[in-house]
Amino acid sequence: KRSEPSVLLKRSEPSVLLKRSEPSVLEGLSKETCIPVSATPQEEGDRSFKGAVLVEPHQVIFSDTSDSSIQQYHPFLNPLPSRLTDVISVLGRVGVKHTIQPFHLRLVLELAFKSSEGFELDMNTKAVVENAMMGLFKMLKDDTSKSHLSLFPLYLLDHKGKLSESSKMFYLGWLSKLQRDHSKLEQNDITLLQLPQKCKMLENEFCSYLPIEVQPKPLPKLCKVVVPPGCKAIDSPFAQNLRKALHFPCFRPGLLKTINAKISNKSQHAIIEEAIVTFCNIDVIVLEELNLTVLLKDSMQQIGTIRQDYHFEHNRALYIDSKVKKTRKDKILDATACALVAFIFTNNAPLTDLERSELQKLICFLLKAESDDEMQELFDEEGISITQNEVSFSLTDPELGKPLQKCMSHRLDQDYRNLFKADEWVGYEVEEGKVIFAKVAYPVMEDCDENGRPLSYVIYTSEEDEEGKKKPQIAKSWKLQRALSKVCNVMYKSPLPGI
């Protein structure tokens, strides 16, 4: 009859038992709790054996008992007791290793998960788990042998202080400052990765070193970020300068010539020109506080809010927080340049990484120009000369009665339920496919639906006549489209219906 390991230990020294064991017995012991280790962490220089407990061979490392690199993982990982050093050759066949490897730390995390039974970790276990996560990251970062490819299942610390399976977790990425609605996260079964407090790397960097099958997923891919209604809009010199730079007469033709010089396929030139014009008509809106609403794309449920310095919305609006620090304004210009290049080349001929980087740097310098002449000098330094005829293609600000170019259609909100106010810019559809700029005078209160919503408005489509009067005309509401304003001095109304 086979005796239990604990019984055998009482009868004889472990080293004697291991030396006498047959190969088949040793192989069977590799997954048994058969190695006696100290029940308490050993202090430096302490060679005593305090209260033996049995662990599996994979939980034991050939090392001095005072080795702090192992003691920080106690009780899930242990140094080899000195009383077993005379059977090192046999222990290697059982599964004891000379050094800590990634799979050891995976085991530490799994054993901590099992011992916690899915509940919040106690302080001691949490400290061990954080050490294991930090140790695992360092090993994977330094490892070039790809010996860590089998780390499934991997358990990592989550935002509730528990251990969860990593492949079912999410990391915040650029949403790191998210003010979370925990009830909505729970409702949608979203578990967030929580890195140790002493960890200095970003979540996406940590996750990038993990094997694909155990990587947490980026939460931003599940979300959309919107500007909530009712945000108070103001203006600032920084925003005014950015608007001016985007509309300096030489900016668009100069940028077009710069890009076309790099692209041999001339069929792309017209598409690139329209993309530049479209982006340059982006609305630059300064909000007193830029607190964005974070929604899940599938359910459109709000899971929190996030305060940002700036936010691009579908390349039709750039929102800026009025309290953005001066040191962050260059970052906004960098982001604008990056967004412009990405928008231009979404479906067009790609640039090399070097060309893209150089173009972004040039655009950033151009956007800092305080006048058209200063911007022209920057183009001259790049060897780009711009003629007066080339400047004429640049769009001007809205004018009454002026046709709206197709490339500016993204700046219109065509929701038929819109309510318009006096002096508001609108697009007026005079005939199918032709829209001109107009201004609202006032609603026709005699023409309303059953809910009191105006169905007609008095509008102006031309400047003053010879007598100094504007000629009004009546337009049905469904022929009017809200023109998203460049400078918003009123309460901002979200252009997204229902949000």
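(A) Focus on the sheet that holds strand β13 (residues 291–296). Within the open sheet, the four strands sit side by side as β8-β14-β13-β10. Their pairing is antiparallel. On the outer flanks of this sheet lie β8 (179–180) and β10 (223–226), each paired with one strand and no other.

(B) Main features of the packing of helix α12 (residues 269–280) against helix α13 (residues 329–344). It is at 9 Å that the axes of α12 and α13 come closest, and there the two elements cross at 145 degrees. The handedness of the crossing between α12 and α13 is right-handed. From α12, Ile272, Ala275, Ile276, Thr278 and Phe279 reach across to α13, where they touch Thr336, Ala339, Leu340, Phe343 and Ile344. A class-by-class count of the residues in the contact of α12 with α13 yields eight nonpolar, two polar and no charged.

(C) Representation of the pattern of salt bridges within the structure. By the definition in use, this model includes nine salt bridges. The salt bridge involving Lys160 is made with Glu186; its shortest N-O contact spans 2.8 Å. Of this pair, Lys160 sits in the loop between β5 (155–157) and β6 (163–165) while Glu186 sits in helix α8 (residues 182–187), and the two are 26 residues apart along the sequence. The salt bridge involving Asp235 is made with Arg243; its shortest N-O contact spans 2.9 Å. We classify Arg243 as buried; its relative accessible area is 11%.

(D) Highlighting a negative patch on the surface. The grouping of Glu358, Glu370, Asp373, Glu374, Glu377, Asp380, Glu381 and Glu382 at the surface amounts to a negative patch. Of the residues forming the negative patch, the biggest block, five residues, is contributed by helix α15 (residues 372–381).

(E) Geometry of the layout of surface pockets. Approximately 890 Å³ is the volume attributed to the largest pocket. What lines the largest pocket is a set of 30 residues, among which Gly173, Trp174, Ser176, Lys177 and Gln308 lie closest to the centre. For the lining of the largest pocket, the secondary-structure elements that each account for two or more residues are α9 (203–208), β14 (302–307) and β15 (310–313). Residues of the lining of the largest pocket, tallied by class, amount to 13 nonpolar, seven polar and ten charged.

(F) Seen up close, the environment of Asp380. Structurally, Asp380 is set in helix α15. Here Asp380 falls in the partly exposed class, since its relative accessible area comes to 45%. It is 9.6 Å that separates the C-alpha atoms of Asp380 and Gly254, two residues lying 126 residues apart in sequence.

(G) Representation of the sheet that holds strand β16 (residues 317–321). Strands sit in the order β11-β12-β16-β15 across an open sheet of four strands; the sheet is mixed. Across the chains shown, the open sheet's two edge strands, defined by having one partner strand only, are β11 (233–234) and β15. Note: strand β12 (residues 283–287) against β16, five bridges, orientation parallel. By the bridge assignment for β16, Asp283 is matched with Ala317. Along the sheet, α13 makes contact with β15 and β16, crossing β15 at roughly 15 degrees.

(H) Broad picture of the environment of Ala239. Here Ala239 is to be found in helix α10 (residues 237–247). Separated by 80 residues in the primary sequence, Ala239 and Tyr319 place their C-alpha atoms 9.5 Å from one another. The contacts of Ala239, once residues within four sequence positions are left out, are Val284 and Val286.

(I) Structural detail: the pairing of β16. Across the five residues of β16, five count as buried, placing the element largely inside the fold. Side chains Ala317, Tyr319 and Asp321 of β16 all project onto a buried face; the interleaved residues Leu318 and Ile320 project onto the opposite face, where all are buried too. Two elements, β15 and β16, share four bridges in a ladder whose sense is antiparallel. Of the residues in β16, the one forming a bridge with Glu313 is Ala317.

(J) The nonpolar core, seen in detail. With 45 residues, the main nonpolar core has Phe251, Ile259, Ile363 and Met375 as its most contacted residues. The element contributing the most residues to this core is α13, with eight residues. Once residues within four sequence positions are removed from consideration, Phe251 is found in contact with Ala245, Leu246, Cys280, Leu340, Ile363, Leu366, Leu367, Met375 and Phe379. Formed by 34 residues, the second largest nonpolar core is a distinct cluster that contains Leu77, Leu105, Leu151 and Leu157.

Rules of the game
- Throughout, residues of each chain are indexed from 1 in the direction in which the sequence is written.
- Given that this is a predicted model, residues contribute local features only at a pLDDT of at least 70 and side-chain atom pairs are listed and counted only at 80 or more, while totals for whole chains, interfaces and linings are drawn from all residues.
- In computing side-chain properties, one takes all heavy atoms of the structure into account and sets aside hydrogens as well as water.
- One bridge is not enough; two strands pair if DSSP finds at least two bridges between them.
- Working definition: helices are DSSP H or I runs of at least four residues, strands are E runs of at least two. Numbering for both runs from the N terminus.
- Simply put, an axis is a line fit to the C-alpha atoms, just over the touching stretch for a helix, and the angle between two N-to-C directions goes from 0 to 180 degrees.
- Handedness of a helix crossing follows the sense of rotation of the near helix relative to the far helix, less than a right angle counterclockwise being left-handed and clockwise being right-handed.
- Only heavy atoms matter for contacts: two residues are in contact if any of them lie within 4.5 Å across the pair.
- Residues are grouped as follows: Ala, Val, Leu, Ile, Met, Phe, Trp, Tyr, Cys and Pro are nonpolar; Asp, Glu, Lys and Arg are charged; every other residue, Gly included, is polar.
- Any Lys or Arg side-chain nitrogen located within 4 Å of an Asp or Glu carboxyl oxygen qualifies as a salt bridge.
- Using a 1.4 Å probe on the protein chains alone, a residue whose accessible area is under 20% of its type maximum counts as buried, one over 50% counts as exposed, and one in between counts as partly exposed.
- Each patch is built from salt-bridge-free residues with over 30% relative accessible area, joining like charges within 9 Å and nonpolar side chains (Val, Leu, Ile, Met, Phe, Trp, Tyr) within 5 Å.
- Exposure was quantified through the Shrake-Rupley algorithm and a 1.4 Å probe, taking into account, for residues, occlusion by the shown protein chains and nothing else.
- Counted as positive: Lys and Arg. Counted as negative: Asp and Glu. His and the chain ends are not counted at all.
- Where a charge sits is defined by one atom per residue type, namely NZ (Lys), CZ (Arg), CG (Asp) or CD (Glu).
- Using only the protein atoms, space was sampled on a 1 Å grid; points where a 1.4 Å probe fits but cannot get out form cavities, open sets with protein on both sides within 12 Å along at least five of seven lines form pockets, and lining residues are those with an atom within 4 Å of a point.
- Grid points are joined across faces, edges and corners, and a volume is the space filled by probe spheres set on the points.
- Side-chain atoms within 4.5 Å link the members of a nonpolar core, which is a set of buried Ala, Val, Leu, Ile, Met, Phe, Trp, Tyr and Cys residues.

All quantities given are derived from atomic positions and should not be read as evidence of function.
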